[in-house]
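Geometric and topological summary
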Amino acid sequence: MFNNRKRFLLMIFMISLIVIVFIYKQFGEEKPKVVVVLQSYDLDYWDLIKAGAEKGFEEFGIDGKVIMPKDETVEAQKDLLKKVLKENPDVLVVSPVYSSDSVTSELEKFVKKDIPVLFVYTEDPWEHKTAYIGTNNLDLGKKAGVLMASQLQPGDKVALLRGKRSIVEGQRIRGAKDSLETVRIEIVTEETGLSDSDPELVRKTFEDILREHPDLKGVIASTDYIALPVLKVLKERGMQMPVVGASGTPEMIKLVEDGTLSSAIAQNPYDMGYISVQTALKVTKGEKVNPNIDSGVDIVTKGNAKERLDLLNSVLE
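Computed from a predicted structure; not experimentally measured.

Our next topic: the pairing of strand β7 (residues 186-194). Where strand β6 (residues 157-163) and β7 come together, 6 bridges link them in parallel fashion. Bridging from a neighbouring strand, Ala159 pairs with Thr189 of β7. Once you follow β6 into helix α6 (residues 166-182) and on to β7, the crossover reads as right-handed.

As structure tokens, then:
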């Protein structure tokens, strides 16, 4: 009788211990805290990165959030970083506006507090970052140049249009130039300082190029948001020529699907967001991570445009 009672109490004790351990694991362990700071809130490209990051938070059990400044300016992003620093996250994932130099003073404060900093989208040589997750922009540019050259002949004239992000977009244009020059495509102009958020400036710049070079045969733009106003000008004038962007946005993919464009270059912003969170989790566990994680570049054609467009739209819904 005594032994039965003893065994019963031991069994109760073991069950209670298992329940306590389960509850602790479910509710007692503090989730890793990760904050993702992006560049802008008014372009669907950043929405795709945000969606990928939020999927990562959900799947990896992370206490995370994505924030973006209302204005795509250095000061607006620096203000956000100051607020994030006070929250003392376990990892910061950031896409610096233009380059790390613009926000270095704030990023250095995270390093001093032993908060690892990962870069997403912004490929930049800042020495204190733990890893870069995004596109190999030089490779993207080379592929854009090859894609353009496949639609032209040696001696044809092409214009290159790039935005303000000096490192990221500069590498894309450099890669494109390498490919075009190899097959003797003539680059008649390289316009810089354009903006994703200023389509009117892009329109005016391209209209000036057409007046100066009426025999232009193609355009390579460092982002889709620069390529799209170019395409609108061509449509208004009843002109056709290959235009290659770099982002793979839904609007650009739709033009491939409907036959306006034969193909397009596409990055993988959703993957960037997801992989950056996955990498942040590894960092919180003390695991060694690859300092340069390539999220890939795809070529979209009529054959795969609809599938990709459906996927992008489902993510953005």
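Picking up after the structure, the text goes on.
Attention shifts here to the sheet that holds strand β4 (residues 117-120). One open sheet accounts for 6 strands, arranged β2-β1-β3-β4-β5-β11; its pairing is parallel. Each end of this open sheet is capped by a strand with a single partner; those strands are β2 (63-67) and β11 (292-294). For this sheet, the mean inter-axis angle between neighbouring strands, taken without regard to orientation, is 15°. The pairing of β4 with strand β5 (residues 131-134) spans 3 bridges and is parallel. Counted as the bridge partner of Phe119 is Tyr132 from β5. Packing against the sheet, helix α3 (residues 74-87) makes contact with β1 (33-37), β2 and β3 (91-94), and its axis sits at approximately 175° to β1. Strands in contact with helix α10 (residues 269-284) are β1, β3, β4, β5 and β11; relative to β4, the strand with the most contacts, it is inclined by about 165°.

The next thing to look at is α10. Relative to the 22 Å expected for 16 residues at 1.5 Å per residue, α10 spans 23 Å between its end C-alpha atoms, a close match to the ideal helical length. Listing the buried residues of α10 in full gives Pro269, Met272, Gly273, Tyr274, Ser276, Val277, Thr279, Ala280, Leu281 and Val283. On its buried face, α10 sits against β1, α2 (44-60), β3, β4, β5 and β11. Phi turns positive, to about 80°, at Gly286, one or two residues after α10.

This next bit is on the sheet that holds strand β8 (residues 216-221). What the 4 strands build is an open sheet, ordered β7-β6-β8-β9; its pairing is parallel. Looking at strand neighbours, the two that pair on one side only are β7 and β9 (243-244), the edges of this open sheet. Direction of pairing for β8 relative to β9: parallel, over a ladder of 2 bridges. Residue pairing in the sheet places Val219 in a bridge with Val243 of β9.

So, on to the packing of aromatic side chains. Between two aromatic rings, the relevant description is the distance of the centres plus the angle of the planes. This structure, assessed with the given rule, holds 5 aromatic pairs. Aromatic side chains Tyr45 and Trp46 sit 5.7 Å apart centroid to centroid with 80° between the ring planes, which places their arrangement in the edge-to-face category. What makes Trp46 buried here is its relative accessible area of 2%. Cluster of aromatic residues (ring-pair linked, three or more members): Tyr45, Trp46 and Tyr121.

Relative to the elements of secondary structure, Ile209 occurs in helix α7 (residues 199-212). Considered as a pair, Ile209 and Tyr274 are 65 residues apart in the sequence and their alpha carbons are 39 Å apart. Among all residues touching Ile209, those that are not within four sequence positions of it are Ala159, Leu161, Thr189, Glu191 and Leu216.

What follows is about the environment of Thr205. Here Thr205 lies in helix α7. We classify Thr205 as buried; its relative accessible area is 12%. Here the side chain of Thr205 touches Leu201 through a polar contact of 2.8 Å, landing on its backbone oxygen.

One finds Phe206, Leu216, Val219, Val230, Val243 and Met252 to be the most contacted residues of the largest nonpolar core, which totals 32 residues. Among the elements of the structure, β6, β7, α7, β8, α8 (224-236), α9 (250-257), β10 (263-266) and α11 (302-316) are those that each provide at least two residues to this core. With 7 residues, α8 is the single largest residue contributor to this core. When residues no more than four places from it in sequence are discounted, the contact partners of Val243 are Met148, Val219, Ala227, Val230, Leu231, Leu234, Met252 and Leu261. Of all hydrophobic cores here, the second largest spans 28 residues; its members include Leu43, Tyr45, Trp46 and Val66.

Parameters and conventions
Residues numbered from 1 in each chain as written. Predicted model: local features only at pLDDT ≥ 70, side-chain atom pairs only at ≥ 80, totals over all residues. Heavy atoms only, no water. Pairing = 2+ DSSP bridges. Helix = DSSP H or I, 4+ residues; strand = E, 2+ residues; numbered from the N terminus. Right-handed = clockwise from strand over helix to strand, strands pointing away. Axes fitted to C-alpha atoms, helices over the stretch in contact; angles between N-to-C directions. Contact = heavy atoms within 4.5 Å. Expected span 1.5 Å × (residues − 1). Buried < 20%, exposed > 50% of the residue type's maximum accessible area, 1.4 Å probe, protein only. Phe/Tyr/Trp six-rings, centres within 6.5 Å; stacked < 30°, edge-to-face > 60°. Polar contact = N/O pair within 3.5 Å; in protein donor to acceptor, adjacent residues only side chain to side chain. Core = buried A, V, L, I, M, F, W, Y, C linked by side-chain atoms within 4.5 Å.

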